[in-house]
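What the coordinates show
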Protein chains: 2
Amino acid sequence: MSWQPVPGVRLAAASAGLYAGERLDLAVLELAPGTESAGVFTTNRFCAAPVEVAREHLEAASPRLLLINAGCANAGLGEQGLEDTRLCCEAAAQAFSVEPHEILPFSTGVIGQRLDVGKIQAQMPQLQATLSAEGWLEASQAILTTDTRSKLEGRQVKGAGKNLHVTGMAKGAGMICPDMATMLAFVATDLAVDAAVLEQVLERALEHSFHAITVEGDTSTNDACILLATGASGVKLADLEDSEVEAWEQAVFEVCETLAKAIVRDAEGATRFITIEVEQAATPEQAQAVARAVAHSPLVKTAAFAGDPNWGRILAAVGRSVGELSRMDQVGIRLDDVQVVTGGAVAENYREEQGGMVMARDEFTIRVDLGLGESQVRLYTSDLSYDYVKINAEYRT
Amino acid sequence: MSWQPVPGVRLAAASAGLYAGERLDLAVLELAPGTESAGVFTTNRFCAAPVEVAREHLEAASPRLLLINAGCANAGLGEQGLEDTRLCCEAAAQAFSVEPHEILPFSTGVIGQRLDVGKIQAQMPQLQATLSAEGWLEASQAILTTDTRSKLEGRQVKGAGKNLHVTGMAKGAGMICPDMATMLAFVATDLAVDAAVLEQVLERALEHSFHAITVEGDTSTNDACILLATGASGVKLADLEDSEVEAWEQAVFEVCETLAKAIVRDAEGATRFITIEVEQAATPEQAQAVARAVAHSPLVKTAAFAGDPNWGRILAAVGRSVGELSRMDQVGIRLDDVQVVTGGAVAENYREEQGGMVMARDEFTIRVDLGLGESQVRLYTSDLSYDYVKINAEYRT
């Protein structure tokens, strides 16, 4: 976790009492005038009220303030939820002297409980008074739910003779599945970038970061990822040399990838970090289907928790997801560098101890070669442990 | 569990030592000459060696013997697996004086370990010597893996003035998902029925039984369901009156449904039996997709384990599976008779205690009304408990 402030962004966090115990649960990011932004939201058809409002506001204007609460998702509440979100935006607009439609609201937490608008409104003066460019760490703590640690990452690159900054924070822990996996992620840079370009950069960054992680395949109702460009460095994208553009984009990618992986590492009850690579698929869709089947299989995930190289479960997951017409006699499976399956059956020289050594590692890769074509995909996931059940069985108690 | 012998079927079970401890692990069903049969097998593209051989034999001839072992799935072993299965069939053919291609082999257990052919061959004489029409209970015990109890069910109906029998057994416990959910199920009747008709009856019976249950969405490599008609009652299907045909078919349906539900009740670590009903879907595919999303959601399943009416997770599962273009404002969710969600949002009069009372029950129904059309589906599933993780993390140790 290394990060630096991003000129043009000031943050503050507060404890609004949305959780039973004392903890930070409310954060704001104030953005310099002229900040450009791009956003990607959950594909869940039951999106939460703040997602609807944020989408609407993002289309209407460039945002000046992000308002984020944990402890309540404000989802599944119909018109009431929308009204509550709008009341929060109005209170923030007054305190921070911006228009309500210049505010992007985000909520995360339990679905189906009403947002306590009064508690949020009450914190506005203090939040405004304590804004600081240094406030990233507290803000990243305030947006967490069942996460056990905050996720904050930054990069610095040179551009047009100046230092450019890319810093982001995220929260994850549960309901993690591609499209959108992230739950919430906010990444800011002080380079000046047009919204249209920013959207393209975000799309590319997501593919190998927040779109490539999955914990249990449950897509949240509240996911959102926002990329912000304040322009406060005084440097425009057009001022940069090609290699500098590349370095800046790489910084955005790395921040997103690091945050995405941090979400998987801190997934509910996770004890292992597993990379799933599917290679030589006939189509990208087949690669994705097979990778997700392996990543979501409770049998593969419990074997991973136990450190048991039960490769038959991987093979079974491939067999049920690969599609009716595919031949299986070219399939290979590797655990890190150990060839377990080749030509669709167990490799002749494979010994159980070899697989066991790999799966005892905290991090390992399951690689499936389908031998059918040239498509490939990489996903990151976690194991299924007692603690996953414990955390999710006791979430609301 | 009520059952009676089926004339034309004799069974035997033995302990071949395929497990470390002493237990029954090998069973045969000997079938009277002229027995007709219908079979449905796993759709997993990595099907096990015995499934390949059983499919082949079923096409070649009417079966005279079913040979079933637990403790080893004989899957993922390529040519070696096929050879081992054929050797077992040859040994059984000799002992029971039938042709090898009149034998249907079945295996269930760990994937990727070689079948100990010698241990199976050694039991043939004793199995042959102990054949009995009364042997159903022992046979139903011999085919279990992580099941905690045997699954055996029978019905008796009148036909053409005689008593007709339908008796079946099944094993389940893990890797349970529709198409084929069953792992293994064998149902026999002493009515004489043509194989072609038998196939139709089996197909109809499966729809609301073994195709309608799911534990964790992992389709096994070894699933098979076989329906056998020995004709030993001397009564042919054509001899029956319409109402008698209906009663016999109903008996087959009930045996299959009871066995299927017994598999879910005895699913690994299951503490609750959950019926998922999706109604008013636009298409059967949408109904199926939504029902499976709810049934497979680890978040819904852990909430069920905890008895927590966390309906937001049900709503989220519906929202991610219903399809991009569907409106959500007609969605209703009921827990048994308690209306939780109506018009896409929490019902006005709903109180948490009401949902909590339902989900504290050992058995309850989650009903989702989509308000989009007229398709519907019903699935049976279980919760996700500590014991599910424990059983699957320690399966091979």
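Note that the coordinates shown come from a computational prediction; the quantities given were computed from them, not determined experimentally.

1. As for the overall build of chain A
Of the regular secondary structure elements, chain A holds twelve helices and 15 strands. Overall, chain A is about 70 × 55 × 35 Å in size when its C-alpha atoms are taken along their principal axes. Classification of the 397 residues of chain A by burial places 61% in the buried group. Here the contacts in chain A between residues at least 6 apart in sequence split such that 81% fall between residues at least 24 apart. For chain A, the exposed area adds up to about 14,300 Å²; of that, 46% sits on carbon and sulfur atoms. For chain A, the distance from the average position of its 31 positive side-chain charges to the average position of its 55 negative side-chain charges is 4 Å.

2. Focus on the sheet that holds strand β4 (residues 65–70) of chain B
Residues and elements named next belong to chain B. Sheet architecture is open: four strands sit in the order β1-β2-β4-β5, paired in mixed fashion. Looking at which strands have only one partner, the edges of the open sheet turn out to be β1 (9–14) and β5 (103–108). Neighbour to neighbour, the strand axes of the sheet diverge by 15° on average, direction disregarded. With five bridges connecting them, strand β2 (residues 26–31) and β4 associate as antiparallel partners. Note that in β4 the partner of Glu30 across the bridge is Leu65. Set on the sheet, helix α2 (residues 78–96) makes contact with β2, β4 and β5; between it and β5 the angle comes to about 130°.

3. Points about the relation of the copies chain B and chain A
Once chain B is rotated about the relating axis by 180° and shifted along it by 0.0 Å, it coincides with chain A to within an RMSD of 0.0 Å. The transformation just described matches what one would write down for a two-fold rotation axis. Residue B:Tyr386 of chain B places its C-alpha closer to the rotation axis than any other residue of that unit, at 2.8 Å. Both copies present the same face, since 100% of the interface residues in chain B are matched by interface residues at the equivalent positions in chain A.

4. Points about the packing of aromatic side chains
Residues and elements named next belong to chain A. By the definition in use, this model includes six aromatic pairs over all chains. Here Phe106 and Phe186 contribute two aromatic rings whose centre-to-centre distance is 4.9 Å and whose plane-to-plane angle is 75°, an arrangement assigned as edge-to-face. With a gap of 80 residues between them, Phe106 in strand β5 (residues 103–108) and Phe186 in strand β8 (residues 184–189) connect regions that are remote in the sequence. Across this residue pair, the class does not change: Phe106 and Phe186 are buried. Seen from their ring centres, Phe305 and Tyr386 are 5.4 Å apart, and the 90° between their planes marks the pair as edge-to-face.

5. As for the interface of chain B and chain A
Between chain B and chain A, the contact holds 54 residues from the first and 54 residues from the second. Here chain B is connected to chain A by zero salt bridges. Between the two partners, chain B and chain A, sit two residue pairs in polar contact (both at pLDDT 80 or more). By residue number, the principal contributor to the side of chain B that touches chain A is helix α10 (residues 311–321) of chain B, which donates eight residues. A breakdown of the residues in the side of chain B that touches chain A according to their chemical character gives 25 nonpolar, 17 polar and twelve charged.

6. Quick word on the state of the cysteines
All names here are of chain B. Inspection of the entire model under this criterion finds zero disulfides over all chains. With no disulfide of its own, Cys88 lies closest to Cys89 among cysteine sulfurs, the gap being 7.0 Å. Residue class for Cys89 comes out buried when judged on its relative accessible area of 1%.

7. Considering the layout of surface pockets
Over the atoms rolls a probe the size of a water molecule, and in doing so it shows where empty space is left. Size it by volume and the second largest pocket reaches roughly 740 Å³. In this structure, the second largest pocket is lined by 32 residues; those nearest its centre are A:Asn44, A:Arg45, A:Phe46, A:Cys47 and B:Met328. Here the lining of the second largest pocket gets four residues from one element, more than from any other, and that element is helix α2 (residues 78–96) of chain A.

8. Observations regarding α2(A)
All names here are of chain A. In this model α2 runs 28 Å from its N-terminal to its C-terminal C-alpha over 19 residues, within 8% of the 27 Å that 1.5 Å per residue would give. Along α2, the residues classified as buried are Gly81, Leu82, Asp84, Thr85, Cys88, Cys89, Ala91, Ala92, Ala93 and Phe96. Phi turns positive, to about 55°, at Ser97, one or two residues after α2.

9. Focus: the confidence of the model for chain A
On average, residues of chain A score 89 in pLDDT, and 95% of them are at 70 or above. Here the complex is predicted with pTM 0.80, and the ipTM for its interfaces comes to 0.73.

10. Quick look at the pairing of strand β7 (residues 162–171) of chain B
All names here are of chain B. For β7, the tally of buried residues reaches eight of ten residues, placing the bulk of the element in the interior. Hairpin connection between strand β6 (residues 151–159) and β7: a loop of two residues separates the two successive antiparallel strands, and Ala160 in this loop has a positive phi of roughly 50°. By the bridge criterion, six bridges tie β7 to strand β8 (residues 184–189) in an arrangement that is antiparallel. The residue bridging Gly168 from the neighbouring strand is Val187, located in β8.

About the cut-offs
- Residues numbered from 1 in each chain as written.
- Chains lettered and ligands numbered in written order.
- Predicted model: local features only at pLDDT ≥ 70, side-chain atom pairs only at ≥ 80, totals over all residues.
- Heavy atoms only, no water.
- Helix = DSSP H or I, 4+ residues; strand = E, 2+ residues; numbered from the N terminus.
- Buried < 20%, exposed > 50% of the residue type's maximum accessible area, 1.4 Å probe, protein only.
- Contact = heavy atoms within 4.5 Å.
- Areas by Shrake-Rupley, 256 points an atom, 1.4 Å probe, with all protein chains shown as cover.
- Lys, Arg positive; Asp, Glu negative; His and termini not counted.
- Charge placed at Lys NZ, Arg CZ, Asp CG, Glu CD.
- Pairing = 2+ DSSP bridges.
- Axes fitted to C-alpha atoms, helices over the stretch in contact; angles between N-to-C directions.
- Least-squares fit on C-alpha atoms with pLDDT ≥ 70 in both.
- Phe/Tyr/Trp six-rings, centres within 6.5 Å; stacked < 30°, edge-to-face > 60°.
- Salt bridge = Lys/Arg side-chain N within 4 Å of Asp/Glu carboxyl O.
- Polar contact = N/O pair within 3.5 Å; in protein donor to acceptor, adjacent residues only side chain to side chain.
- Nonpolar A, V, L, I, M, F, W, Y, C, P; charged D, E, K, R; others polar.
- Disulfide = S-S within 2.5 Å.
- 1 Å grid on protein atoms, 1.4 Å probe; cavity = no way out; pocket = protein on both sides within 12 Å on 5 of 7 lines; lining within 4 Å.
- Points joined across faces, edges and corners; volume = space filled by probe spheres on them.
- Expected span 1.5 Å × (residues − 1).
- pLDDT = per-residue confidence, 0-100.

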